[in-house]
Amino acid sequence: MIGRLRGVLAEVSEETALIDVGGVGYVVRCGSRTLSRLPPMGDETVLHIESQWSEAAGPRLYGFNTREEQQAFVLLQNIQGVGPKAALSVLDILPPAELAQAVAREDKALVARAQGVGPKLAQRIVVELKDKPISGALTLTGHAPAAPHAPAAPSISGEAVAALMGLSVAEPVARRVVEQAVTRLGDEAGLSAVVKAALQELGR
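What you are looking at is a predicted structure, and each value in this text was computed from that prediction instead of being measured.

> Tell me about the pattern of salt bridges, and name the residues and values.
As enumerated under the stated definition, the model contains 7 salt bridges in all. Of the charged contacts in the structure, one is a salt bridge between Asp92 and Arg175, with a shortest N-O distance of 3.6 Å. Highlighted residues: Asp92 in helix 3 (residues 84–93) and Arg175 in helix 8 (residues 171–185), separated in sequence by 83 residues. Here Asp92 matches Arg175 in class, with each residue buried. Between Lys130 and Glu106 there is a salt bridge, with its nearest N and O atoms 3.6 Å apart. Within this pair, whereas Lys130 is found in the loop between helix 6 (119–128) and helix 7 (156–165), its partner Glu106 is found in the loop between helix 4 (96–104) and helix 5 (108–111), the two being separated by 24 residues in sequence.

Right under this line is the structure:
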């Protein structure tokens, strides 16, 4: 069972990364958030791996930037109707801390924005994750320990993605260019700066 891979990033496609570990290439399936945070081709990278096997598909490796994302991926798949693809889609728009906040607020509409997740499945996700430790940064009630009664503020990245979608940019593309913009500008960048940089990534 593979739990982590450290190697050279050899190839990247729309859904996978090829990691060369000592001359052996591992095909790792990743969400768009993880793919957007990979280093340049030829550089070393480390991915936390969730290994799965089925008679139909054989062995498959799913890669994540953090152990927390991997654990949230496993939790999501324990819910009936949530397969690997849907779990990756949820984590693309809601990293673990934001997913925990959405669950605490019972914000099924936000969860339903994930590709392939309809309202009924989003409701099931919110209900079944209610008392699960989705994010180590939060308590089981979904609030930050330092401010347990403070409402969770929407992330700059989430607002920027919504703004781009309002400009008719497809959600997967919007997530990718926003991640690239935030990586380039830093986490302290404001909404307008992130949206402007994301539009530049799109050539607009």
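That was the structure; now back to the text.
> How would you explain helix 9 (residues 191–201) if you had to name every residue and give the values?
Of all the residues in helix 9, the buried ones are Val194, Val195, Ala197, Ala198 and Leu199. Positioned one or two residues after helix 9, Gly203 has a phi angle of 80°, which is positive.

> Run through empty space enclosed by the protein, naming residues and quoting values.
Scanning all chains against the criterion turns up 1 cavity of 30 Å³ or more. What the largest cavity holds in volume is close to 60 Å³. Lining the largest cavity are Gly31, Arg33, Thr34, Gly63, Phe64, Glu69, Leu88, Leu91 and Asp92. For the lining of the largest cavity, the elements supplying multiple residues, two or more each, are helix 1 (32–36), strand 5 (58–64) and helix 3. Across the lining of the largest cavity, the residue classes tally to 3 nonpolar, 3 polar and 3 charged.

> Residues and numbers for the nonpolar core, please.
Nonpolar side chains tend toward joint burial in soluble globular proteins. Counting 29 residues, the largest nonpolar core has Leu76, Val82, Leu99, Val111, Val117, Ile125 and Leu129 as the members making the most contacts within it. If you list the elements that add at least two residues to this core, you get strand 5, helix 2 (67–77), helix 3, helix 4, helix 5 and helix 6. Of the residues forming this core, the biggest block, 6 residues, is contributed by helix 3. The residues touching Val111, leaving out its near neighbours within four places in the chain, are Ile93, Leu94, Leu99, Ala102, Val117, Ala122, Ile125 and Val126. Leu164, Val169, Ala181 and Leu199 belong to the second largest nonpolar core, which has 15 residues in total.

> Any chance you could break down the sheet that holds strand 3 (residues 24–29) for me, citing the residues and the numbers?
The strand order 1-2-3-5-4 describes a closed barrel built from 5 strands, whose pairing is mixed. Averaged over all pairs of adjacent strands, the angle between strand axes in this sheet comes to 55°, irrespective of strand direction. Sheet topology note: the strand 1 (residues 4–12)/strand 2 (residues 16–21) ladder contains 4 bridges and is antiparallel. Bridge pairing in strand 2 links Val8 to Asp20. Set on the sheet, helix 2 makes contact with strand 4 (44–54) and strand 5; between it and strand 4 the angle comes to about 20°.

> Go over the side chain of Arg175 with me, naming the residues and quoting the values.
Residue Arg175 is classed as buried on the basis of its relative accessible area, which comes to 6%. Sequence-distant contacts of Arg175, that is, excluding residues within four places in its chain, are made with Ser32, Asp92, Ile93 and Val161.

> I'd like a rundown of the packing of aromatic side chains, residues and numbers included.
Going through the model one piece at a time under the given rule, you end up with 2 aromatic pairs. Note on Tyr62 and Phe73: the rings are 5.2 Å apart at their centroids and 40° apart in plane angle, and the pair reads as tilted. Within this pair, whereas Tyr62 is found in strand 5, its partner Phe73 is found in helix 2, the two being separated by 11 residues in sequence. Take Tyr62 and Phe73: they sit in the same class, and that class is buried. Centroid distance Phe64 to Phe73: 4.9 Å. Interplanar angle 50°. Geometry classified as tilted. Of the two residues examined, Phe64 and Phe73, each falls in the buried class. Grouping aromatic residues by their ring pairs yields a cluster made of Tyr62, Phe64 and Phe73.

Quick notes on the rules
Residues numbered from 1 in each chain as written. Predicted model: local features only at pLDDT ≥ 70, side-chain atom pairs only at ≥ 80, totals over all residues. Heavy atoms only, no water. Salt bridge = Lys/Arg side-chain N within 4 Å of Asp/Glu carboxyl O. Helix = DSSP H or I, 4+ residues; strand = E, 2+ residues; numbered from the N terminus. Buried < 20%, exposed > 50% of the residue type's maximum accessible area, 1.4 Å probe, protein only. 1 Å grid on protein atoms, 1.4 Å probe; cavity = no way out; pocket = protein on both sides within 12 Å on 5 of 7 lines; lining within 4 Å. Points joined across faces, edges and corners; volume = space filled by probe spheres on them. Nonpolar A, V, L, I, M, F, W, Y, C, P; charged D, E, K, R; others polar. Core = buried A, V, L, I, M, F, W, Y, C linked by side-chain atoms within 4.5 Å. Contact = heavy atoms within 4.5 Å. Pairing = 2+ DSSP bridges. Axes fitted to C-alpha atoms, helices over the stretch in contact; angles between N-to-C directions. Phe/Tyr/Trp six-rings, centres within 6.5 Å; stacked < 30°, edge-to-face > 60°.

Everything listed here is a matter of geometry and, on its own, says nothing about what the molecule does.
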